[in-house]
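Structure at a glance
As a plain string of letters, each chain reads:
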Amino acid sequence: MSQPTIESILQEKRTFSPNAEFSRDARIQSIEEYQKIYDRAAADPAAFWAELAERELHWFEKWDTILDWQPPVAKWFVGGKINISYNCLDRHLTTWRKNKAALIWEGEPGDSRTLTYAQLHREVCQMANVLKQLGVTKGDRVGLYMPMIPEAAIAMLACARIGAVHSVVFGGFSAEALRDRLSDGEAKLVITADGGYRKDAIVSLKAQVDKALANDAVPSVTNVLVVKRTGEAIDMESGRDRWWHDLQQTASADCPAEPMDSEDMLFILYTSGSTGKPKGVVHTTGGYNLYTHMTTQWTFDLKDTDVYWCTADVGWITGHSYIVYGPLSNGATSLMYEGVPRPSNPGCFWDVVEKYGVTIFYTAPTAIRAFIKMGEALPKARDLSSLRILGTVGEPINPEAWMWYHQVIGGERCPIVDTWWQTETGGFMLTPLPGATPTKPGSATLPFPGIIADVVDLDGNSVGDNEGGYLVVKHPWPSMMRTVYGDFDRFRRSYWEHIPPKDGKYVYFAGDGARRDEDGYFWVMGRVDDVISVSGHRLGTMEIESALVSHPAVAEAAVVGKPDDLKGESVVAFIILESNYTAGEELEKTLKQHVVSEIGAIARPGDIRFSDDLPKTRSGKIMRRLLRNLAAGEEITGDTSTLQDRSVLDKLREGA
Ligand code: 6R9
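Bear in mind the structure is a predicted one, so any value in this text is a computation, not a measurement. (Residues numbered from 1 in each chain as written. Predicted model: local features only at pLDDT ≥ 70, side-chain atom pairs only at ≥ 80, totals over all residues. Heavy atoms only, no water.)

Close to the ligand lie 16 residues; D418, T419, T423, D512 and R527 are nearest. In the environment of the ligand, a nitrogen atom lies 3.4 Å from a nitrogen or oxygen atom belonging to the backbone of E395. Separating a nitrogen atom of the ligand from a backbone N or O atom of P396 is a distance of 3.3 Å. Elements represented by at least two residues in the shell around the ligand include exactly α11 (317-329) and β25 (522-527). When the residues that make up the shell around the ligand are grouped by side-chain class, the tally is six nonpolar, five polar and five charged. (Near = heavy atom within 4 Å. Polar contact = N/O pair within 3.5 Å; in protein donor to acceptor, adjacent residues only side chain to side chain. Helix = DSSP H or I, 4+ residues; strand = E, 2+ residues; numbered from the N terminus. Nonpolar A, V, L, I, M, F, W, Y, C, P; charged D, E, K, R; others polar.)

This is the structure:
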């Protein structure tokens, strides 16, 4: 091969087939059925999506062209008229689902609320009228900076209803990060709350908004709409700031959904590049609605009896696609929880599962690793027998964490769907279908029907089985991002130029390394920016970390490369130990030897550093870039605005 790719060194052989009883009741019941759908879709993706768009969604007017592909610009269902708020709400009102729970919400202090489809529809319509009253019109951008309360979903759906573009900024971000995002999108209105509850404390959201907007820093913002959540004292700037409940009370509940062009912008969501300013990922209406609808339905095998819970925050793409739009478009019951495991209630997730009889539970590896550290006693103290499907997203899951999830949470009966996707892809790209796909711990398995994925070298040639390379998508799909807001050139450079077009055919490069095994299963090996180069061997981070985590002493591991005169780079491992182990030279030796025996001498860590914590993004992804700086003894460079807890870096530095 002409170009260096990534070597794969870990072999995971365990396989788990869906049980016969589960498959019998599933929407897609066997791997043969999946294969049939997949093949049909691959033969003509546009026709496949058009058939589903017609069957599954309401269109005010049908499209003229299914797909207009002028790389790297894809337009789906061109000329079609659609409204995602209509598909998520109105169309359910003429069915028995009118009085079904659309949202079940549980607040951190223990307060709760259930909104039926009829109730949710009413509140969305009222809020849409409030937005109009405040001068928001089609195409205007609205910034949301909200706690995890129903009003967050209501605000998103209200924007979509009148064709305003929402730009949700995660409530944990700083005033500066909020200001940058509001400025970039030139938001007209900001919707926030006085505060929210997080880990037994109040997060003062409105005060952060005031800071972000101080000195007229974002001149496009004319109003701030404030939900009363905590009741704490806040400043209300007269003329600018309005209470949500004041305006909602008097607003009419009659607000027909605006027929939107399929390609009208639905939302902007910012994702951090490793350097430079965050990218405003732009999603449009029709394709996004269809893709999130289908992936939710098939990947979670949705039934009307399900209580579906995705633990993400609405500030992330996972919250957009799989708390709000995908589930509601399907008429499902979506649970929203304001809290996170915290000292006063580390087992709160299991309380919620038991209280509401959750059947589908979707979370992230970072949470699973935290559960493992907290021990089995917490989940074992609750009745989790309602669960039937488990999901994971956000990072590669180490096989041992997968096994724990399978055994302790899933009681060995629940299929695990490991869903690989990105803010940019809008929805699941690689994922098992729970009644059909045999799973392997650590693999996101196979492409969703209609997705043509591959692993290639830098020239764009497919690599062989079990050879590492670059994960790409070779045919446009309905929910792909359309551009970086205000910077089309950055869109082209970031995703379409690393792997050059071959014979005029463009491929989307996701930025992740992967390999495909002899069964065609994909194994995501981590971000290619994080690849470690030891004596000419390019190693992904995931496999070495998984080898370390398979040792009983290791709760969590992050590996990075450190410059080395002889080898180019040597492996440095940052380790969080299980509580009953103590750091020391003996254990260091044992762990190095463990990596050698699990995957080989090439991956042997030169250096092991024990720590209590790791630097993570606010959505829980390990920031290896910062660890790389630390390992090399360098200053931290690049953007740290997404870092969850700055003090972690200082602690790691002291420990070095
Ligand atoms: C949905 C979301 C995207 C990046 C992606 C990859 C990593 C997400 C994964 C996974 C392995 C999975 N990632 N899911 N890696 N297996 N199941 O997380 O979006 O925040 O944009 O992050 O997350 O590296 O490229 P986003």
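There is more to say after this.
Close contact between helix α4 (residues 84-93) and helix α6 (residues 150-162) brings their axes to 7 Å; oriented N to C, the two are set at 115 degrees. Between α4 and α6, the interaxial angle falls into the category roughly perpendicular. Once α4 is placed against α6, the crossing between them reads as left-handed. Between α4, through I84, S85, Y86, C88, L89 and D90, and α6, the contact on the second element is made entirely by L157, A160 and R161. Considered class by class, the residues forming the contact of α4 with α6 number six nonpolar, one polar and two charged. (Axes fitted to C-alpha atoms, helices over the stretch in contact; angles between N-to-C directions. Parallel < 35°, antiparallel > 145°, perpendicular 65-115°, else oblique. Left-handed = near helix turned anticlockwise from the far one by under 90°. Contact = heavy atoms within 4.5 Å.)

Attention now moves to the domain arrangement of the protein chain. The extent of an interface is frequently quoted as the accessible surface area lost upon association of the parts. Split by domain assignment, the protein chain resolves into domain 1 (20-83 + 265-490 + 508-527), domain 2 (86-258) and domain 3 (532-655). Contact with domain 1, which involves 48 residues of that partner, is made by 49 residues of domain 2. When residues of domain 1 are sorted by the area they lose upon contact with domain 2, N83, M336 and E338 head the list and together hold 20% of the total. Counting across the domain 1 and domain 2 interface gives seven salt bridges. Residues R342 and E108 are paired through a salt bridge, measuring 3.8 Å at the closest nitrogen-oxygen approach. At the boundary of domain 1 with domain 2, the tally comes to 37 residue pairs in polar contact (both at pLDDT 80 or more). Elements that contribute at least two residues to the side of domain 1 that touches domain 2 include exactly β14 (265-271), α10 (286-299), α11, β17 (333-337) and α12 (348-356). Here the side of domain 1 that touches domain 2 takes seven residues from α11, the largest share from any one element. Class assignment for the residues of the side of domain 1 that touches domain 2 results in 28 nonpolar, 13 polar and seven charged. (Domains from an automatic or database assignment. Buried area = accessible area lost by both parts, 1.4 Å probe. Salt bridge = Lys/Arg side-chain N within 4 Å of Asp/Glu carboxyl O.)

This brings us to the sheet that holds strand β24 (residues 508-516). Judged by pairing direction, the sheet is antiparallel, and its four strands sit side by side in the order β21-β22-β24-β25 without closing on themselves. Every interior strand has two partners, whereas the edge strands, β21 (453-456) and β25, have only one. Averaged over all adjacent pairs, the angle separating strand axes in this sheet is 45 degrees, with direction ignored. Here five bridges tie strand β22 (residues 468-473) to β24, and the two strands are oriented antiparallel to one another. Paired with V473 across the two strands is Y508, which belongs to β24. Helix-sheet contacts for helix α17 (residues 541-549) involve β24 and β25, and the interaxial angle to β25 is about 100 degrees. (Pairing = 2+ DSSP bridges.)

Now for the side chain of E123. Relative to the helices and strands, E123 resides in helix α5 (residues 117-133). By relative accessible area, E123 is classed as buried at 18%. At a separation of 2.8 Å, a polar atom in the side chain of E123 contacts the side chain of R113. Residues in contact with E123, not counting those within four places in the same chain, are R113, L115, I154 and Q248. (Buried < 20%, exposed > 50% of the residue type's maximum accessible area, 1.4 Å probe, protein only.)

Here we come to the environment of H92. Among the structural elements, H92 can be located in helix α4. Between the C-alpha atom of H92 and that of Y117, which follows or precedes it by 25 residues, the distance is 7.1 Å. Leave out the neighbours within four places in its chain, and H92 touches N87, R97, K98, Y117, L328, S329, N330 and G331.

So, about the UniProt feature "binding site: CoA" (unreviewed entry) in the protein chain. Here, the residues flagged by UniProt with the feature "binding site: CoA" (unreviewed entry) are R198, K199, D200, A201, T318 and S535. Their sequence span is 338 residues, while the largest C-alpha to C-alpha distance among them is 49.0 Å; these annotated residues do not converge on one region. Mapped onto the elements, R198 comes out in strand β9 (residues 196-198). Overall, R198 belongs to the partly exposed group, its relative accessible area being 33%. What R198 contacts, discounting residues up to four positions off in sequence, is E108, V203 and V340. Mapping T318 onto the fold places it in helix α11. Setting aside chain neighbours within four positions, we find T318 in contact with C310, A312, I323, Y362, V393 and W421. (UniProt positions renumbered as here; feature names shortened; annotations may be inferred.)

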